[in-house]
Protein chains: 2
Amino acid sequence: MVFPQRVKMSDVARTAGVSVATVSKVVNGRYGVAQATVERVQQVIHELGYEASLGAQSLRSHRTNVLGILVAEFEPFSTELLKGASREVAGSGYQLLAYSSGDGEGAAIGWERRSLARLSGTLIDGAVIVTPTVVETNDSFHVVAVDPHTGPSGLPTVDSDNFAGAVLATNYLLSLGHRRIGHISGRADLESARLREAGFRRAMADAGVPVDERLVRVGGFRIESAAGTAAELLALTDRPSAIFAGNDLSAISTMDVARDMGLSVPDDLSVIGFDNVPESALVNPPLTTIMQPIQRMGAEALRLLIDLVAGAERDTHIRLPTELVIRSSCRPRH
Amino acid sequence: MVFPQRVKMSDVARTAGVSVATVSKVVNGRYGVAQATVERVQQVIHELGYEASLGAQSLRSHRTNVLGILVAEFEPFSTELLKGASREVAGSGYQLLAYSSGDGEGAAIGWERRSLARLSGTLIDGAVIVTPTVVETNDSFHVVAVDPHTGPSGLPTVDSDNFAGAVLATNYLLSLGHRRIGHISGRADLESARLREAGFRRAMADAGVPVDERLVRVGGFRIESAAGTAAELLALTDRPSAIFAGNDLSAISTMDVARDMGLSVPDDLSVIGFDNVPESALVNPPLTTIMQPIQRMGAEALRLLIDLVAGAERDTHIRLPTELVIRSSCRPRH
DNA sequence: ATCGGTATCGATAACGTTTTCGAGTCGCTC
DNA sequence: GAGCGACTCGAAAACGTTATCGATACCGAT
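So, here's what we can say about the structure. Residue indices begin from 1 for each chain and proceed along its sequence in written order. Chains carry letters and ligands carry numbers; both start at the beginning, A for chains and 1 for ligands, and go up in the order they are written. A pLDDT threshold of at least 70 governs which residues receive local features in this predicted model, and a stricter bar of 80 or more applies before side-chain atom pairs are shown or counted, although totals over entire chains, interfaces and linings include all residues. Side-chain metrics rest on all non-hydrogen atoms present in the structure, leaving aside hydrogens and water.

Let's shift gears to the overall build of chain A. Helices and strands together make up the secondary structure of chain A, namely 12 helices and 12 strands. Based on C-alpha atoms, the radius of gyration is set beside the globule rule, defined as 2.2 Å times the residue count to the power 0.38. Relative to the 2.2 N^0.38 estimate, which gives 20 Å for 334 residues, the radius of gyration of chain A is 25 Å and therefore markedly larger than a compact globule would have. A principal-axis box enclosing the C-alpha atoms of chain A has dimensions of 85 × 35 × 35 Å. For chain A, buried positions account for 55% of its 334 residues. Note on conventions: DSSP H or I runs of at least 4 residues are helices, E runs of at least 2 residues are strands, and numbering of each starts at the N terminus. Burial here depends on accessible area, computed with a 1.4 Å probe over protein chains only, as a share of the maximum for the residue type. Under 20% is buried, over 50% is exposed, and the range in between is partly exposed.

All names here are of chain B. DSSP bridges decide pairing: two strands pair if at least two such bridges lie between them. Pairing is mixed across the open sheet formed by 6 strands, whose spatial order is S7-S6-S8-S9-S10-S12. The sheet terminates laterally at strand S7 (216–218) and strand S12 (323–325), the two strands that pair on one side only. Across the sheet, the mean angle separating the axes of adjacent strands is 20° when strand polarity is ignored. Of the strand pairs in this sheet, strand S8 (residues 242–245) and strand S9 (residues 270–275) are connected by 3 bridges, and their pairing is parallel. Across the sheet, the residue bridging to Phe244 is Ile272, located in S9. Lying over the sheet, helix H8 (residues 191–206) contacts strand S6 (181–185), S7, S8 and S9, oriented at roughly 165° with respect to S6. Only the stretch in contact is used when a helix axis is fitted, and all axes are lines through C-alpha atoms; the angle between N-to-C directions ranges over 0 to 180 degrees. Here, residues are in contact when the closest pair of their heavy atoms is within 4.5 Å.

Moving on to the side chain of Ser280 of chain A. Residues and elements named next belong to chain A. With respect to the element layout, Ser280 can be found in helix H11 (residues 279–282). Residue classification places Ser280 among the buried positions, given a relative accessible area of 0%. Polar contact is the term for a pair of N or O atoms within 3.5 Å; when the atoms are in protein, one must be able to donate a hydrogen and the other to accept it, and sequence-neighboring residues count only if both atoms are side-chain atoms. Side chain to side chain, Ser280 and Arg327 meet in a polar contact 2.8 Å long. Discounting chain neighbours no more than four positions away, the residues touching Ser280 are Asp248, Pro286, Leu287, Thr289 and Arg327.

Turning next to the protein's contact with DNA strand C. Taken together, 26 residues lie around DNA strand C, and Arg60 of chain A together with Thr22, Ala34, Thr37 and Arg60 of chain B are the ones closest in. When atoms of DNA strand C within 4 Å of the protein are sorted by moiety, sugar and phosphate together comprise 65%. The side chain of Arg30 of chain A places a nitrogen or oxygen atom 3.4 Å from a phosphate oxygen of DNA strand C. One of the side-chain N or O atoms of Thr37 of chain B is found 2.6 Å from a phosphate oxygen in DNA strand C. Taken together, the elements giving at least two residues each to the surface near DNA strand C come down to helix H2 (20–27) and helix H4 (54–61) of chain A together with helix H2 (20–27) and helix H4 (54–61) of chain B. Residue contributions to the surface near DNA strand C peak at 4 residues, all from H4 of chain A. Summary of the distance rule: residues count as near a molecule or strand when at least one heavy atom falls within 4 Å of that molecule or strand.

It is worth spelling out the protein's contact with DNA strand D at this point. Around DNA strand D there are 26 residues in total, and Lys25, Thr37 and Arg60 of chain A together with Met9 and Arg60 of chain B lie nearest to it. Counting only the atoms of DNA strand D that lie within 4 Å of the protein, the sugar and phosphate share comes to 65%. At a separation of 2.6 Å, a base nitrogen of DNA strand D approaches a polar side-chain atom of Arg60 of chain A. Between DNA strand D and Ser53 of chain B, the relevant distance is 3.4 Å, taken from a phosphate oxygen to a main-chain nitrogen or oxygen of the residue. Put simply, the parts of the chain that give the surface near DNA strand D at least two residues each are H2 and H4 of chain A together with H2 and H4 of chain B. It is H4 of chain B that contributes the most residues to the surface near DNA strand D, 4 residues altogether. Split into classes, the residues belonging to the surface near DNA strand D amount to 11 nonpolar, 9 polar and 6 charged. When residue character is reported, Ala, Val, Leu, Ile, Met, Phe, Trp, Tyr, Cys and Pro are called nonpolar, Asp, Glu, Lys and Arg charged, and the others, Gly included, polar.

All names here are of chain A. Two elements in contact, helix H1 (residues 9–16) and H2, have axes whose closest approach is 8 Å; the angle formed by their N-to-C orientations is 105°. Relative to H2, the element H1 is oriented roughly perpendicular. Note on element contacts: H2 touches H1 through Val20, Val23, Ser24 and Val27, opposite Met9, Ser10, Val12 and Ala13. Angles are sorted into four bins: roughly parallel if under 35 degrees, roughly antiparallel if over 145, roughly perpendicular if 65 to 115, and oblique for all others.

Only buried residues count toward a nonpolar core, which is a set of Ala, Val, Leu, Ile, Met, Phe, Trp, Tyr and Cys residues joined through side-chain atoms within 4.5 Å. Among the nonpolar cores identified, the biggest contains 58 residues, and Ile69 and Val128 of chain A together with Ile69 and Val128 of chain B are the most heavily contacted of them. Aside from chain neighbours lying at most four places away, what touches Val128 of chain B is Gly68, Ile69, Leu70, Val144, Val146, Ala301, Leu302 and Leu305 of chain B. With 28 residues, the next largest nonpolar core counts Leu155 of chain A together with Ile129, Val143 and Ala145 of chain B among its residues.

The next subject is the pairing of strand S10 (residues 288–291) of chain B. Alignment of S9 of chain B against S10 of chain B, held across 4 bridges, turns out to be parallel. In the sheet register, Gly273 of chain B faces S10 of chain B, and the bridge partner there is Thr289 of chain B.

Aromatic ring pairs are defined here through the distance separating the ring centres and the angle between the ring planes. All names here are of chain A. Here the aromatic set is Phe, Tyr and Trp, taking the six-membered ring for Trp, and pairing holds for ring centres within 6.5 Å; pairs whose planes are under 30 degrees apart are stacked, those over 60 apart are edge-to-face, and all others are tilted. Scanning all chains against the criterion turns up 4 aromatic pairs over all chains. Ring centres of Phe200 and Phe244 lie 6.3 Å apart, and the angle between their planes is 45°; on these two criteria the pair is classed as tilted. One end of the pair, Phe200, is in helix H8 (residues 191–206); the other, Phe244, is in strand S8 (residues 242–245), with 44 residues separating them in the sequence. Judged by relative accessible area, which is 0%, Phe244 ranks as buried. Following the ring pairs from residue to residue traces out a cluster consisting of Phe200, Phe244 and Phe274. For Arg196, the ring lying beneath its charged end belongs to Phe274, and the centroid distance is 3.9 Å. In this scheme, Lys NZ or Arg CZ marks a charge over a ring once it lies within 6 Å of the ring centre and within 35 degrees of the ring normal.

This next bit is on the environment of Ser225 of chain B. All names here are of chain B. Along the chain, Ser225 falls in helix H9 (residues 223–235). When its relative accessible area of 31% is taken as the criterion, Ser225 is described as partly exposed. Distance in space between the C-alpha atoms of Ser225 and Gly186 is 9.9 Å, their sequence separation being 39 residues.

Another point: the pattern of salt bridges. Residues and elements named next belong to chain A. Salt bridge, as used here: a side-chain nitrogen of Lys or Arg that lies within 4 Å of a carboxyl oxygen of Asp or Glu. Taken as a whole, this structure holds 38 salt bridges over all chains when the rule is applied. Across the salt bridge formed by Arg259 and Asp256, the nearest N and O atoms sit 3.2 Å from each other. On the criterion of helical spacing, the pair formed by Arg259 and Asp256 is a turn pair, its members being 3 residues apart in helix H10 (residues 248–260). Residue classification places Arg259 among the partly exposed positions, given a relative accessible area of 45%.

Another aspect to go through is the pairing of strand S10 (residues 288–291) of chain A. The sheet contact formed by S10 of chain A and strand S12 (residues 323–325) of chain A spans 3 bridges and is antiparallel. The residue of S12 of chain A that forms the bridge with Ile290 of chain A is Leu324 of chain A.

Further remarks concern helix H5 (residues 76–89) of chain B. Residue and element names in this part refer to chain B. The span expected for a helix works out to 1.5 Å for each residue beyond the first. The terminal C-alpha atoms of H5, which comprises 14 residues, lie 20 Å apart, in line with the 20 Å expected from a rise of 1.5 Å per residue. Among the 14 residues of H5, 11 are classified as buried, and the element is accordingly described as predominantly covered. Taken together, the buried positions of H5 are Pro76, Phe77, Ser78, Thr79, Glu80, Leu81, Leu82, Gly84, Ala85, Ser86 and Val89. Two to three positions downstream of the cap, the backbone nitrogen of Phe77 sits 3.1 Å from a side-chain oxygen, assigning the N-cap of H5 to Glu75.

Have a look at this one:
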């Protein structure tokens, strides 16, 4: 990697004996330059190591070929997404920039917020956002949302079938004989959290099992915030025999809390998660969970964004299937 | 989050009844504008939601207040580093952009590479790089390297005491009675990998234990590439009773391979890693490893970068201490 | 009144691109 | 040999900002 001395278009033009206008044309592959000239200029560009100034480019043409991906923070889910997205962007002619809104469960504020907007508005052509904040946008700037904020935003979206996944999870617990099933839901402003809870309730209702409202609580999607909720749940005198956690992180957290309270997973408590982040296969016991194809979601989101930026008409909503992956954190109720 | 309609400085100027020059002064807090004017302009800026165009700004002033962090790929180590860096950048007046060179064990090529250089050269004020590639830079662009490429680069650097950490790890294994100790080293062009292997050899020599050269092999630092190496090591008729893996990922991979071969960790094989990424506490058995304060390294790197960009004179090399964290993947040799 | 000094402000010239459009050249056709 | 397209090319005007520097206004002191 070399960070070159800045050489500008006029330098190239001078040493190639043409005008900057001509250089610009060959850089952008515009029509109207003689073949011989093209080759000569390209040669000089190569020799001098010329790179266009993003600033000047963006200023003049309002196009940078840079895409952004905005995550709330770098936790396992966004990291997987990032992987998928970076894989997809390779060779697309775009460059991908990741930035974090820099906070977990709050909204960006003040300087941060404005700076984000500034980035977005001025130096990238579009963004995929993985943070549950409401966005307004205009038609010169494209954004696609992954796992979006609750409510109708009208944004292009890619998500997984959270509702069906939750039904899958709940039915699995039910099929194991569990009746007192707890649910730790994610942050309320996340559409996915809402749908998972809805799926949970639907499955329970379909099975004719009443849900004890004391057993469903919001725990957030982070490891620390879920711990408190899990502790409350397990401290109940008639504690649940199984817990459907809103995501893997809170499931892992729940298992930790259970262990600390002297409970064995899965013997005393069955736990099922959601997401299938890499960590879930690593923990002890390996976590049974609902897989959503996170990397693929990242890739699809980026592909969608690219198409949108290029002006293509496309389905504006992509939903990927979920799947039950059985490991060792659940057991039939004795 | 709102991606605003682009309103420019001249708009602000017009509705505030001043010139763009004055608005610019207000925005940048320059001296020489009446208090009343400052307030009026700020008011208008707020109402209109004005955001400076990064492109124009960078073009004119060669300064964007945006910093970059370039990682080879988004694996656990870089992710932790990212967290530390994002935490540090908050409130610093800078914005942090993460980008990936988009590949694991190779160098970026062609379009990618140039695009990286373009980003770096034109729209960020400096970067921390977490990828073992040689860089050349000029004095208008600052870069600090984390876990740098082998050999003297002259770059400002932050790393941990890899050598001492490796000694720590090896001595621990030695103290457990192990004599046939294997080492899976990281990619050869990583200074850290070189130092860890050197530390390993030093500790062995100091203990008067000869190292069997068939037992030290390069496995790369990724999970997949380490697996093959581990398998080779364990297939030896006189296989090692302990393995010091070059990092946690290869340690985890080694444990997987051992399990697949019907070996129990730690009963039949002790494994120690390096890094203490979050995953190492999660796996089964929990991994004994050498901790380096990764998040703190990210934070220090960013702080150093900020100071450098601000023109401060600073120690140009920061080395953080490592520490043995004992979990359950090692056991005395029976 | 005149003057020097301080505030306060605005015209204006960059910064490095892209794009438009007119000018020049050349080879043809009639 | 005049006229006409088709090709090439470059001059110049943007894009939105920052920095310089001169203009103006106002103040108190002579």
